[in-house]
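Examining the three-dimensional arrangement
Here are the chains, one letter per residue:
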Amino acid sequence: MEMNDPLRREEKKETGPDRDDSGPSSPEPSRPGKDSLLKRMKKVDPKQSEKYKQRTGQ
Amino acid sequence: MSVPLLGMETEYGIIREDMENSDPVEESMKLLQACERKSVSGKWAYSQENSHLDMRGFKVGSLAQDEEEDAFCAEDRKRPYSYLDMKCDRVLTNGARFYNDHTHPEYSTPECRSVLSLVAHDVAGERIVAECVALRNRELGGKPLQLFKNNTDYSGHSYGTHDNYLIPRETLFEDLVKGLTPFLVTRQLYAGAGKVGSESVGDFQGLQLAQRSDFIETVLSIETMTNRPLINTRDEPHAVSSRYRRLHLILGDANMSAYATALKVGSTSLVLNLIANGEKFPGLELADPVADVSKVSLDKTAALKRKANGTVTALEIQEAYLEAAEKAFAGKDRERDWILEEWKKTLDELRYSPEKLSDRIDWAIKEKLFTEFMQSEGIGWEDPMLKSLDLEYHNLDPDRGLYRGLEQEGDVYSLLSEEEIVRAVDSPPVGTRAQIRGQAVAQSAENIKRIHWTGVEFVNGEILDLTGVISSEEVEEVLNTCKQLV
């Protein structure tokens, strides 16, 4: 859970539009959470979008 | 800067998963009623609204949204509450408006001075909406209510994410349209949230760049629910109208990536500044800009016909705007330098290594994520699962949303610190009139009779007119002279 690491958070804080920065840095190449995200995706109801009916907005 | 204030309005998708036919009016009301945040409720000054004036110099009799409202009013006669009850207007301590608009909960950010501030307030809106979803689900038990920050139901119904820019009235509207149109057609290269399938091209299977591109039908229109335009012509500045216009852009997507929102709003703001400076882009005019919106969304390398002669790609158009912006604004201030650097980096990566965008541009994040999933499951874009995954990418639920999952795993770029988001949830942007509004809500909510973007009316009859309060100096003056009110 890299995002909860305060040091990482501090690093990220230095990259916004009104801060001293050199643009966004890519996340770590290794993805320890890849499997958990895949599990999350597999849990999605395949009919979810079919059931999702909205009314027209602006 | 020629764009002193920025704002963003987001209509959220809403559904009850435990009901076959959930009533969006009912569910949106219950969501707003669940909100526990300090706010002024049901006091929005609708008398200050006028959405029928057109920037082209005329007034329209009625809009499609009026008919929609009328239909709801007719339906509401059967309901045990009034039209205003249904709207559930809330103004929060951060100066935002949170209410129900056309069957969708809508979060309108307070007016912001900087791009970073606007993005923080847009994300704050996600937090506040998600907080209300959790409160409502606690009442219901389980998690039957789900909300989505997206723009389509994949069946032809779209709802909006509108970016707003206060700009000088002296800029000719014709110059604005000519200068801005090619830019708007092509900014979806980085501002598109990505959509599986198409609602205008039936046999398209794959991921297109933007959710709203299927719904753009004309260059100019005052309408927002039908005949949706590249540039909305509603002339409602919520400011001194002889000095300002509010450019109300309804073609944009709801971005989950804060970086994409920053790039979208930042680049648009720079182009508006170029146009205000008298810059023209005659070589970029397109022969059929409306058709090109969908064309680019379906194929980012498509050749677009110029109005003069020859063709140009979306990327070449964006590069031309960037070059002009670099010449005019490089080295002026930190925010503009950040926008220019990131805009350039994004366009360079689009040209040479688009896979590098997959941690911060929504359509590219989806492309990588869904491609990996298709490979692991042995399915293709035509599988209905892909549209469901696409929808779930936008789910605000931290335990279900795919973008939320990517955030939790550190797989997407994080533009904002937690402190910046929390501050935007509670507090208004300093130095804007939203600071006055937010302060009034925080300190004198019980004394407010009516409230609007342009002012506050108190129960003692005093009126704080904010129509002309745009600069930070004007804000400070009001704060210093009206301490007893706010």
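Provided above is the structure to which this section pertains.
So, here is what we can say about the structure in this document. (Residues numbered from 1 in each chain as written. Chains lettered and ligands numbered in written order. Predicted model: local features only at pLDDT ≥ 70, side-chain atom pairs only at ≥ 80, totals over all residues. Heavy atoms only, no water.)

A look at the overall build of chain A
Counting its secondary structure elements, chain A contains 3 helices and 0 strands. Here chain A holds 58 residues, and 41% of them are scored as buried. Total accessible area computed for chain A in this model is approximately 3600 Å², and 50% of it derives from carbon and sulfur atoms. (Helix = DSSP H or I, 4+ residues; strand = E, 2+ residues; numbered from the N terminus. Buried < 20%, exposed > 50% of the residue type's maximum accessible area, 1.4 Å probe, protein only. Areas by Shrake-Rupley, 256 points an atom, 1.4 Å probe, with all protein chains shown as cover.)

As for the pattern of salt bridges
Residue and element names in this part refer to chain B. This model, assessed by the stated rule, comprises 41 salt bridges over all chains. Note that R351 and E319 form a salt bridge whose closest N and O atoms lie 2.9 Å from each other. In this pair, R351 sits in helix α10 (residues 334-352) while E319 sits in helix α9 (residues 314-329), placing the two residues 32 residues apart along the sequence. One salt bridge in this structure joins K345 and E349, with 4.0 Å as the shortest N-O distance. Taken together, the positions of K345 and E349, both in helix α10 and 4 residues apart, correspond to about one turn of that helix. Under the relative-accessibility criterion, E349 is labelled buried at 11%. Via salt bridges that share partners, D122, E126, K149, R404 and E407 belong to a single interconnected network. (Salt bridge = Lys/Arg side-chain N within 4 Å of Asp/Glu carboxyl O.)

A closer look at the sheet that holds strand β19 (residues 455-458) of chain B
Residues and elements named next belong to chain B. What the 3 strands build is an open sheet, ordered β18-β19-β20; its pairing is antiparallel. Each edge of the open sheet is held by one strand with a lone partner, namely β18 (448-452) and β20 (463-465). On average, adjacent strands in this sheet sit at an angle of 10° to one another, irrespective of strand direction. Note that β19 and β20 share 3 bridges and pair antiparallel. If you follow V456 over to β20, its bridge partner there is L464. Sheet contacts for helix α15 (residues 433-444): β18, β19 and β20; angle to β18, the most-contacted strand, approximately 155°. (Pairing = 2+ DSSP bridges. Axes fitted to C-alpha atoms, helices over the stretch in contact; angles between N-to-C directions. Contact = heavy atoms within 4.5 Å.)

Here's the deal with the packing of aromatic side chains
All names here are of chain B. With the rule as written, the count across this model stands at 9 aromatic pairs over all chains. Measuring from ring centre to ring centre gives 4.5 Å for F281 and Y321, while their planes differ by 45°; the resulting arrangement is tilted. Highlighted residues: F281 in the loop between α7 (258-276) and α8 (289-298) and Y321 in helix α9, separated in sequence by 40 residues. The pair formed by F281 and Y321 is uniform in burial state, with each residue classed as buried. (Phe/Tyr/Trp six-rings, centres within 6.5 Å; stacked < 30°, edge-to-face > 60°.)

Regarding the environment of B:L32
All names here are of chain B. Within the fold, L32 resides in helix α1 (residues 24-33). The exposure class of L32 is buried, given its relative accessible area of 0%. Placed 416 residues apart in sequence, L32 and I448 show a C-alpha to C-alpha distance of 20 Å. Setting aside its immediate chain neighbours within four residues, L32 contacts C88, R90, F98, Y99, N100 and P105.

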